[in-house]
Amino acid sequence: MNLDNKLKLKLAERKADHLYRQRRIMDSPQGVEVVVDGKPYINFCSNDYLGLANEPVVNKAFKQGIDQYGSGSGAAHLVTGHSTAHHALEEELAEFVQRPRALLFSTGYMANLGVVSALTERHDTVVADKLNHASLIDAAQLSRASMERFAHADMNALESLLAKHDKGNKLVVSDGVFSMDGDIAPVKQMARLSETYDAILMIDDAHGLGVLGEHGRGTLEQLNLGINEVPILVGTLGKAFATFGAFVAGSEELIETLIQGARSYVYTTALPPAVAEATRASLQCVIKDDWRREQLHRLIQQFKQGAHELGLPLMQSDTAIQPLLIGSSDKALEISEYLRTQGLLISAIRPPTVPKGTARLRITLSAIHRPRHVDLMLDALQNCKLDQVS
Ligand SMILES: *Cc1c(COP(=O)(O)O)cnc(C)c1O
């Protein structure tokens, strides 16, 4: 059989399992009211939690960045790609998360690959929550270390794994806010166990930064944890910061080690400097616009209250990610399609992104939603008879 015929069979299988994925074409900027495939929708599936993806102040900084630095960085950071803009952003991010240093990466995916590979060797062990983001799982697989996974947020299981591995270094890795569930990791307990068993703790706070904590410093601020408890913090810039890229924050020694040896840092082109300039502007919005976090948390409460009253299958989440657990992939897809006919974009998340039998609607809220948007969504969900599924 030739390649295309083989692929055709695989693709048909995927379709039959309701797991086929299709891209939609956005005809408008990212936001709450978007145009997709030529039709208007209210959007409940972006990660633009603070509504900064089309913020004029950020857009303006992006344009000025191009005027000042041109469009491309032209090289890797270690060659001639590291500009004043990148450097300033690193210093400002480090200050924001209250750590000595921060290092920019081109994506969060690459930051995770780079950190785990640079910090582990053969005979080391990466200990990971089963619901960690795919990039953390791939990071462990790409490294020479072995990987052990514990049941989601199960601290007894984590402890047994840490106790079992007494040879080599141990790196405990977890999402801060779980990307498909919205719950916050038990980082305090992880930190305590990591200390007891001499392991290093790394938290990927892609969905907590900007959103959680009084100043938007994320999960660690909310839980009152610092660099001593969590030496490695990863943040992404494509979510609440609403531009593109990622960073790792930690000690001088950590950052210098990554500059020397993180392959996904060394062997790749630096972000365009204008992206760094745009991110410096969005960081200022994250720092100064408390109203965005306040509005977001009001909307989260409104949604949870309304969904609770309707008996919808809410999950344990107080964050901007508010999934409704459906179960089967075909049902989740069917509901998502129905909502689309009602002018609402809510994505159906299916395996392998989530475990089998736990397909869900992943609703995300943004600071620039209006209370009436949430009401409209709740009304539409009421028609779906979700209290009768799963
Ligand atoms: C989105 C995400 C990433 C990947 O970040 P990108 O910059 O989009 O590559 C990594 N970790 C978590 C937890 C994420 O949600």
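Owing to the predicted nature of the structure, the values given are computational and were not obtained by experimental measurement.

How each quantity is defined
- Residues numbered from 1 in each chain as written.
- Predicted model: local features only at pLDDT ≥ 70, side-chain atom pairs only at ≥ 80, totals over all residues.
- Heavy atoms only, no water.
- Salt bridge = Lys/Arg side-chain N within 4 Å of Asp/Glu carboxyl O.
- Helix = DSSP H or I, 4+ residues; strand = E, 2+ residues; numbered from the N terminus.
- Buried < 20%, exposed > 50% of the residue type's maximum accessible area, 1.4 Å probe, protein only.
- Pairing = 2+ DSSP bridges.
- Right-handed = clockwise from strand over helix to strand, strands pointing away.
- Phe/Tyr/Trp six-rings, centres within 6.5 Å; stacked < 30°, edge-to-face > 60°.
- Lys NZ or Arg CZ within 6 Å of the ring centre and 35° of its normal.
- Core = buried A, V, L, I, M, F, W, Y, C linked by side-chain atoms within 4.5 Å.
- Domains from an automatic or database assignment.
- Contact = heavy atoms within 4.5 Å.
- Expected span 1.5 Å × (residues − 1).
- Near = heavy atom within 4 Å.
- Polar contact = N/O pair within 3.5 Å; in protein donor to acceptor, adjacent residues only side chain to side chain.
- Areas by Shrake-Rupley, 256 points an atom, 1.4 Å probe, with all protein chains shown as cover.
- Axes fitted to C-alpha atoms, helices over the stretch in contact; angles between N-to-C directions.
- Buried area = accessible area lost by both parts, 1.4 Å probe.
- Nonpolar A, V, L, I, M, F, W, Y, C, P; charged D, E, K, R; others polar.

Colleague: Sorry if this is basic, but what is going on with the pattern of salt bridges here?
Modeller: Side chains that differ in sign of charge can pair as their charged atoms come close. In this structure the tally under the stated criterion is 15 salt bridges. Across the salt bridge formed by Asp318 and Lys304, the nearest N and O atoms sit 2.7 Å from each other. Of the two residues, Asp318 is situated in the loop between helix H13 (290-309) and strand S10 (321-327) and Lys304 in helix H13; the sequence distance between them amounts to 14 residues. By relative accessible area, which is 49% here, Asp318 ends up partly exposed. In this structure, the salt-bridge partner of Glu334 is Lys331, at a minimum N-O distance of 3.6 Å. In this pair, Glu334 and Lys331 both sit in helix H14 (residues 329-341), three residues apart, roughly one turn of the helix. Classification of Lys331 as partly exposed rests on a relative accessible area of 26%. One network of salt bridges, in which partners are shared, links Glu55, Asp289 and Arg292.

Colleague: Quick question: what am I supposed to make of the pairing of strand S5 (residues 146-150) here?
Modeller: Within a regular strand, side chains alternate between the sheet's two faces. For strand S4 (residues 125-129) and S5, the ladder comprises five bridges, and the chain directions are parallel. Bridging across to S5, Thr125 finds its partner in Ser146. You can see the chain leave S4, run along helix H6 (residues 134-142) and come back into S5, and the turn it takes is right-handed.

Colleague: Hey, could you run me through the packing of aromatic side chains in this one?
Modeller: A ring pair, where both rings are aromatic, is described by two values, the distance of the centres and the angle of the planes. Evaluation of the coordinates by the stated rule reveals two aromatic pairs. Centroid distance Phe96 to Phe241: 6.2 Å. Interplanar angle 90 degrees. Geometry classified as edge-to-face. Of this pair, Phe96 sits in helix H4 (residues 84-96) while Phe241 sits in the loop between strand S8 (232-236) and strand S9 (246-250), and the two are 145 residues apart along the sequence. Pair check on accessibility: Phe96 and Phe241 agree, each one buried. Lying across the ring of Tyr20, Lys15 places its NZ or CZ 4.4 Å from the centre.

Colleague: Explain the nonpolar core here, please?
Modeller: What tends to happen in soluble globular proteins is that the nonpolar side chains get buried as a cluster. Counting 80 residues, the largest nonpolar core has Phe303, Met377 and Leu381 as its most contacted members. Broken down by element, the residue count for this core peaks at six residues, all from helix H12 (residues 273-288). Both domain 1 (20-50 + 290-383) and domain 2 (56-288) contribute no fewer than three residues apiece to this core. Ignoring anything within four residues of it in the chain, the contact list for Phe303 reads Leu314, Gln322, Leu324, Ile363, Leu365, Val374, Met377, Leu378 and Leu381. Grouped together as the second largest cluster of nonpolar side chains are 26 residues, Leu103, Phe105, Val115 and Ile255 included.

Colleague: Would you take a moment to explain H12 for this structure?
Modeller: An α-helical turn contains 3.6 residues, so any two residues separated by three or four positions project in the same direction. The end-to-end C-alpha distance of H12 is 23 Å, a good match for the 22 Å that 16 residues give at a rise of 1.5 Å each. The buried fraction of H12 amounts to twelve of the 16 residues, a majority that puts the element mostly inside the structure. Within H12 the residues assigned to the buried category are Pro273, Ala274, Val275, Ala276, Glu277, Ala278, Thr279, Ala281, Ser282, Leu283, Cys285 and Val286. In this structure, the buried residues of H12 make contact with helix H2 (56-69), H4 and H13.

Colleague: For this particular structure, what's the right way to read the site of the ligand?
Modeller: Around the ligand, the surrounding shell holds 14 residues, and the nearest of these are Gly108, Tyr109, Asp204, His207 and Lys239. Between the ligand and the protein, one listed contact pairs a nitrogen atom with a side-chain N or O atom of His133 at 3.5 Å. Contact between the ligand and Asp204: a nitrogen atom at 2.5 Å from a side-chain N or O atom of the residue. Compared with its free state, where it exposes 380 Å², the ligand has 82% of that area covered by protein. Counting residues per element, the shell around the ligand draws most heavily on helix H5 (residues 108-119), which supplies three residues.

Colleague: Mind showing me how you'd approach the sheet that holds strand S1 (residues 33-36) here?
Modeller: What holds strands together in a sheet is hydrogen bonding between their backbones, with the strands either parallel or antiparallel. One open sheet accounts for three strands, arranged S1-S2-S11; its pairing is mixed. Edge positions in the open sheet fall to S1 and strand S11 (344-345), since each of these has one partner strand only. Where S1 and strand S2 (residues 39-43) come together, four bridges link them in antiparallel fashion. Bridge pairing in S2 links Val36 to Lys39.

Colleague: What am I meant to see in the sheet that holds strand S12 (residues 347-349) here?
Modeller: Within the open sheet, the three strands sit side by side as S10-S13-S12. Their pairing is antiparallel. If you trace the sheet from one side to the other, it starts and ends with S10 and S12, each paired once. Across this sheet, the average inter-strand angle for adjacent strands is 30 degrees, counted without regard to direction. Pairing of S10 with strand S13 (residues 359-364), which is carried by six bridges, proceeds in the antiparallel orientation. The residue of S13 that forms the bridge with Gln322 is Ile363.

Colleague: Please clarify how the domain arrangement of the protein chain should be interpreted in this entry.
Modeller: Accessible area lost on assembly of the parts is the figure often given for the size of an interface. As far as domains go, the protein chain holds domain 1 (20-50 + 290-383) and domain 2 (56-288). The centre of domain 1, based on its C-alpha atoms, is set 26 Å off from the matching centre of domain 2. At the boundary of domain 1 with domain 2, total buried surface from both sides reaches about 1,600 Å², with 58% on carbon and sulfur atoms. Note that Arg360 is salt-bridged to Asp181, the shortest N-O span being 3.0 Å. Our count for the contact surface shared by domain 1 and domain 2 stands at ten residue pairs in polar contact (both at pLDDT 80 or more). Counting only elements with at least two residues in the side of domain 1 that touches domain 2, the list comes to H13, S10 and S13. If you tally residues by element for the side of domain 1 that touches domain 2, the top one is H13, at four residues. Here the residues of the side of domain 1 that touches domain 2 sort into nine nonpolar, six polar and six charged.

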